[in-house]
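Read off the chains here:
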Amino acid sequence: MESAKGKGTTFTVKLPLELSAPIEKSVPEKASAEKVLTRLHVLVAEDNDLNAEIAAVLLEDKGIRVTRAADGCEAVELFRTDLAGTYDAILMDVMMPIMDGYTAAQKIRELQRPDARTVQIVAMTANTFAEDVAKCKAFGMNEHLPKSFKAGQLVASIAGCGK
């Protein structure tokens, strides 16, 4: 389910169908990719409860462990206090109270630990102009995920983060 205020809601329904011809190479690759995803642990920094729940459900459906932070300050603190390597990726909402995602990403990158510079940080924002993407990168984010995103986009943004 994807929902945007003033735009509506989109429901995606998956129907199990049989293939008429066997798939050769794509099945093992997909199975391998799914094994990598099940080992991931993602920190979701999102102040909106519904958005956080949607992201968590989409990720957990792929076997990904999720920890939630309700604002940027909490995200920085969770990352700082958990053991190095705990998180494979951080999904960072840009507009949050207390500390925005830009500042949180920058503070995480400034921490004196090796994973602070290598953890994948993905901006989640409705701001999609080129200057918005550039600003996210300037504050240390690796990727930009426009809201409202599809499940495949969300998973693809962190799929390369496997340990």
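Residues numbered from 1 in each chain as written. Predicted model: local features only at pLDDT ≥ 70, side-chain atom pairs only at ≥ 80, totals over all residues. Heavy atoms only, no water.

Novice: Help me understand the overall build of the protein, please; the structure alone is not making it clear to me.
Specialist: Helix and strand counts for the protein come out as seven helices and seven strands. If you list the helices and strands of the protein from N to C, you get β-β-α-β-α-β-α-β-α-α-β-α-β-α. Sorting the 163 residues of the protein into buried and exposed places 37% on the buried side. With the model as given, the accessible surface of the protein reaches about 9700 Å², and the carbon-plus-sulfur share is 56%. (Helix = DSSP H or I, 4+ residues; strand = E, 2+ residues; numbered from the N terminus. Buried < 20%, exposed > 50% of the residue type's maximum accessible area, 1.4 Å probe, protein only. Areas by Shrake-Rupley, 256 points an atom, 1.4 Å probe, with all protein chains shown as cover.)

Novice: Which parts of the structure should I look at to understand the sheet that holds strand β3 (residues 41-45)?
Specialist: Remark on secondary structure: sheet strands pair via backbone hydrogen bonds, oriented parallel or antiparallel. Here five strands make up an open sheet; going across it, the order is β4-β3-β5-β6-β7 and the pairing parallel. Two strands in the sheet have a free side with no partner beyond their single neighbour: β4 (65-69) and β7 (143-146). This sheet shows a mean twist of 25° between the axes of neighbouring strands, independent of strand direction. With five bridges joining them, β3 and β4 adopt parallel strand pairing. Among the inter-strand pairings, Val-44 is bridged to a residue of β4, identified as Arg-68. Against the sheet, helix α3 (residues 72-81) makes contact with β3, β4 and β5 (89-93), and its axis sits at roughly 130° relative to β4, the strand it touches most. (Pairing = 2+ DSSP bridges. Axes fitted to C-alpha atoms, helices over the stretch in contact; angles between N-to-C directions. Contact = heavy atoms within 4.5 Å.)

Novice: Help me out: how do you make sense of the side chain of Asp-93 in this one?
Specialist: When you line up the elements, Asp-93 lands in strand β5. Excluding residues that lie within four positions of it along the chain, Asp-93 makes contacts with Ala-45, Glu-46, Asp-47, Gly-101, Met-124 and Lys-147.

Novice: Where do I start with the packing of helix α2 (residues 49-60) against helix α7 (residues 151-158) in this structure?
Specialist: Relative orientation and spacing of two packed helices are given, respectively, by the angle between their axes and the distance between those axes. Two elements in contact, α2 and α7, have axes whose closest approach is 10 Å; the angle formed by their N-to-C orientations is 70°. Taken together, the axes of α2 and α7 lie roughly perpendicular to each other. Residues Ala-55, Leu-58 and Leu-59 of α2 form the contact with α7, whose participating residues are Ala-151, Leu-154 and Ile-158. Broken down by class, the residue content of the contact of α2 with α7 amounts to six nonpolar, no polar and no charged. (Parallel < 35°, antiparallel > 145°, perpendicular 65-115°, else oblique. Nonpolar A, V, L, I, M, F, W, Y, C, P; charged D, E, K, R; others polar.)

Novice: Hey, could you run me through the packing of aromatic side chains in this one?
Specialist: Working definition: an aromatic ring pair is given by the centre-to-centre distance plus the angle between the planes. All told, the structure shown has two aromatic pairs when counted by the stated rule. Here the aromatic rings of Phe-79 and Tyr-87 are separated by 6.3 Å at their centres, their planes lie at 25°, and the arrangement is stacked. Phe-79 gets classed as buried once you look at its relative accessible area, which sits at 0%. What makes Tyr-87 buried here is its relative accessible area of 5%. With a centroid separation of 5.3 Å and an interplanar angle of 45°, the aromatic rings of Tyr-102 and Phe-139 are classed as tilted. One end of the pair, Tyr-102, is in helix α4 (residues 101-110); the other, Phe-139, is in the loop between α6 (130-138) and β7, with 37 residues separating them in the sequence. Phe-139 sits in the partly exposed class, given a relative accessible area of 23%. Just above the ring of Phe-79 sits the side chain of Arg-113; from NZ or CZ to the centre is 4.5 Å. (Phe/Tyr/Trp six-rings, centres within 6.5 Å; stacked < 30°, edge-to-face > 60°. Lys NZ or Arg CZ within 6 Å of the ring centre and 35° of its normal.)

Novice: How should the nonpolar core be read in this particular structure?
Specialist: When a protein is soluble and globular, its nonpolar side chains tend to lie buried together. In this structure, Phe-79, Ile-90, Met-92, Ile-108, Ile-121 and Met-141 are the most contacted members of the largest nonpolar core, which totals 23 residues. Per-element accounting of this core gives the leading share, four residues, to α4. If we ignore the near neighbours within four places in the chain, the residues touching Met-141 are Met-92, Gly-101, Tyr-102, Ala-105, Ile-121, Ala-123 and Cys-136. In this structure, Ala-89, Leu-91, Leu-145 and Ile-158 belong to the second largest nonpolar core, which totals 14 residues. (Core = buried A, V, L, I, M, F, W, Y, C linked by side-chain atoms within 4.5 Å.)

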